[in-house]
Amino acid sequence: MSITKVDVVIVGGGNIGTAAGYFLSKLGKKVIIIERDSIGAHASGFAYGSLSPLGGIGIPGPILPLAIEAMKLHESMYQLLMAETGIDTQFHKKPNLTLAFNEAEEMHLKGRFSWQQAQQGYQVRWLKHEDLKSIDPRISNEALGGVFTEGTAEVDSYRLVLALTQAAEKQGVEYRLDEVIGLKTKASKVTGVITKTSEFECEQVLLATGPWGGKASKWLNIKIPVDPLKGQIIRLQAPGPRLEFTMGWSGNYATTKPDGLLWAGTTEEESGFNESLTTDARDSIMKALLTMMPSMESASLVTQTACLRPVSSDGLLLLGQIPSWEGIYLANGAGRKGILLGLIMAKIVADLMLGVKVDLPIQPFRIDRFIDLTSN
């Protein structure tokens, strides 16, 4: 079995793994990224690509500072990656409208106003029923109103991973299609990675394996509390003009992408590692879309996709060095915010690995918050 010596081995070729390889190689680290399937083969390649920092689990809360910085990083990386690779990741600002169909939903949305409006770079306002019709007459007559947020954006998730991959390769990062089956350690320090076909000697390892993060539990003798959350999306040929904003309601969304198709989603299914498409998911997504825009009844289905998102047992990120192990780092658990948070998570963990001071508050994301769950 061949042995390759590098500085860092990254396990996982999604947006976090590829971005971390990019950032580390920028500062001279010799990096190999090991991916079992192909680059962007799972959630990072199929996600809708929403960049909406003012909503989701942990927002407001510990994730908000990272989400705000994540948007800034996406914006700055867009032109940089374009210059380095020629790949247009299709990053563009796009407003977001979240609808309310009853008084409870309206109160919930309005209750978030104070902190949302306080965020620099975002304009947040309430639209009454008649205001909704002025921005798009196709919005349901049943909607009471909605929160309209300017400053949000979207990106093509697969193009982003592809651009990060090519940019990293230009800096010397090597990609291997292989499956990691274990770590080499000496005392409490990592010394290498073992795959089905090779061995790698290294000083540091980053585990960016998404919903498969739990596989490393036996390597480290701790439980990594991350599980898959399946999400399905349908893409439609829709009647009428493009939707000029992303529309959402109760966790569902609809948006016209640069390919001209209307993307609608999504489900939250606890079905293990089953990535198969289902008619139930298609029908539930379509039902939510018709609640928001009844005229979409005549839309035709073009394709349907599914992917698995990684979620931790408390819904927050898993980020930083593994306790009691020198040189082993973790970046996981972003759930439905994986595309938004992927770049900033990669930048943070790369800085930690390089010994660079991290100013963002990352203490809430340490895995040792699960000490009672992970002790054996």
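Everything here concerns the structure above.
Residues numbered from 1 in each chain as written. Predicted model: local features only at pLDDT ≥ 70, side-chain atom pairs only at ≥ 80, totals over all residues. Heavy atoms only, no water.

### Here's the deal with the overall build of the protein chain
So the rule is basically this: For helices the rule is a DSSP run of H or I covering at least 4 residues; for strands it is a run of E covering at least 2, with both sets numbered from the N terminus onward. We compute the radius of gyration over the C-alpha atoms and compare it with the globule rule, which gives 2.2 Å times the number of residues raised to the power 0.38. Partly exposed residues are those whose accessible area sits between 20% and 50% of the maximum for their type, while under 20% is buried and over 50% is exposed, using a 1.4 Å probe and protein chains only. Two residues form a contact once any of their heavy atoms are found within 4.5 Å. Note that accessible areas follow from Shrake-Rupley with a 1.4 Å probe, and for residues the cover is restricted to the protein chains shown. The sign given to each residue is positive for Lys and Arg and negative for Asp and Glu; His and the chain ends receive no count. To locate a charge, the coordinates of NZ of Lys, CZ of Arg, CG of Asp or CD of Glu are taken.
Helices and strands together make up the secondary structure of the protein chain, namely 11 helices and 21 strands. For the protein chain, the C-alpha radius of gyration of 21 Å lies close to 21 Å, the compact-globule estimate for 376 residues. In terms of principal-axis extent, the alpha carbons of the protein chain reach across some 65 × 40 × 40 Å. With 376 residues in all, the protein chain has 57% of them scored as buried. The long-range fraction of contacts in the protein chain, counting pairs at least 24 apart against all pairs at least 6 apart in sequence, stands at 72%. Put simply, the protein chain shows about 15,800 Å² of open surface, and 52% of that area lies on carbon and sulfur atoms. Charge separation in the protein chain, taken as the distance between the mean sites of 37 positive and 40 negative side-chain charges, equals 3 Å.

### Observations concerning the nonpolar core
The condition that has to hold: Put simply, a nonpolar core is a bunch of buried Ala, Val, Leu, Ile, Met, Phe, Trp, Tyr and Cys residues held in one set by side-chain atoms that sit within 4.5 Å of each other.
In terms of nonpolar packing, the biggest core is built from 66 residues, with Leu66, Leu206, Leu319, Leu341, Ile344 and Met345 touching the most fellow members. The biggest single contributor to this core is helix α10 (residues 338-354), with 11 residues. Setting aside chain neighbours within four positions, we find Leu341 in contact with Ile63, Leu66, Ala67, Ala70, Leu317 and Ala334.

### Section: the sheet that holds strand β4 (residues 50-51)
Two orientations exist for strands paired in a sheet by backbone hydrogen bonds: parallel and antiparallel. For clarity, the threshold we go by: Strand pairing requires that DSSP identify at least two bridges connecting the strands.
Pairing in this open sheet of three strands is antiparallel, and the strands run β4-β9-β5 from one edge to the other. Where the open sheet ends on each side, the last strands, each with one partner, are β4 and β5 (92-93). Direction of pairing for β5 relative to strand β9 (residues 153-154): antiparallel, over a ladder of two bridges. Note that in β9 the partner of Lys93 across the bridge is Ala153.

### Side note on the packing of aromatic side chains
The way to describe two aromatic rings as a pair is by their centre distance and the angle between their planes. Filter applied, for reference: A pair of Phe, Tyr and Trp rings is counted when the ring centres sit within 6.5 Å of each other, with Trp represented by its six-membered ring. The angle between the planes then sorts it: under 30 degrees is stacked, over 60 is edge-to-face, the rest tilted. Comment: the charge-over-ring label is applied if NZ (Lys) or CZ (Arg) is within 6 Å of the ring centre and within 35 degrees of the ring normal.
Inspection of the entire model under this criterion finds six aromatic pairs. A cation sits over an aromatic face here: Arg36 above Trp212, 5.1 Å from the ring centre. Above the ring of Trp126, the side-chain terminus of Lys110 is found at 4.8 Å from the ring centroid.

### Some points on the pattern of salt bridges
Two side chains of opposite charge can pair, provided their charged atoms sit close to one another. Cut-off, in case you're wondering: Only one rule defines a salt bridge in this text: a Lys or Arg side-chain nitrogen within 4 Å of an Asp or Glu carboxyl oxygen.
For the structure shown, the criterion picks out 20 salt bridges. Between Arg36 and Asp37 there is a salt bridge, with its nearest N and O atoms 3.3 Å apart. You can call Arg36 partly exposed: its relative accessible area is 37%. The exposure class of Asp37 is partly exposed, given its relative accessible area of 32%. Across the pair Glu174 and Arg176 runs a salt bridge, and its minimum N-O distance is 2.6 Å. Classification of Glu174 by relative accessible area gives partly exposed; the value is 32%.

### Overview of helix α7 (residues 157-170)
Because the α-helix completes a turn every 3.6 residues, residues three or four places apart line up on one side. How we decide: Here the expected length of a helix is defined as 1.5 Å per residue gap, with one fewer gap than residues. The term polar contact refers here to a pair of N or O atoms within 3.5 Å; inside protein, the definition further demands a hydrogen-donor-capable atom paired with an acceptor-capable atom, and it admits residues adjacent in sequence only when both atoms are side-chain atoms.
With 14 residues, α7 ought to run about 20 Å at 1.5 Å a step, and its terminal C-alpha atoms sit 20 Å apart, in line with that. All of the buried residues along α7 are Ser157, Leu160, Val161, Ala163, Leu164, Thr165, Ala167 and Ala168. Contact partners of the buried residues in α7: α1 (15-26), α2 (43-46), α3 (64-85), β10 (174-177) and α10. Capping of α7 at its N-terminal end is provided by Asp156; its side-chain oxygen lies 3.2 Å from the backbone amide nitrogen of Tyr158. Note on α7: the residue one or two positions beyond its end, Gly172, has a positive phi of about 100°.

### As for the environment of Ile348
Counting through the fold element by element, Ile348 comes out in helix α10. Assessed through its relative accessible area of 3%, Ile348 is described here as buried. Sequence-wise, Ile348 and His108 are 240 residues apart; in three dimensions their C-alpha atoms are separated by 32 Å.

### Some details on the side chain of Ser217
Of note, Ser217 is situated in helix α8 (residues 217-220). A polar atom in the side chain of Ser217 sits 2.9 Å from the backbone oxygen of Gly214. Contact partners of Ser217, with chain neighbours within four places excluded, come to Ile222, Lys223 and Ile224.

### Overview of the pairing of strand β13 (residues 198-201)
Of the strand pairs in this sheet, strand β1 (residues 2-5) and β13 are connected by four bridges, and their pairing is parallel. Directly across from Ile3, in β13, lies its bridge partner Glu199. The pairing of strand β12 (residues 189-195) with β13 spans three bridges and is classified as antiparallel. Bridging from a neighbouring strand, Ile194 pairs with Glu199 of β13. The hairpin turn running from β12 into β13, its antiparallel successor, is two residues long.

### Overview of unusual backbone geometry
For the peptide bond that leads from Ile59 to Pro60, omega is -5°, which places it in the cis range. With respect to the element layout, Pro60 can be found in the loop between β4 and α3. A cis geometry characterises the amide bond from Gly265 onward to Thr266, with omega recorded as 0°. A positive phi is found at Ala187, a non-glycine position, where the angle reads about 60°. Along the chain, Ala187 falls in the loop between β11 (180-186) and β12. Ala187 gets classed as exposed once you look at its relative accessible area, which sits at 76%.

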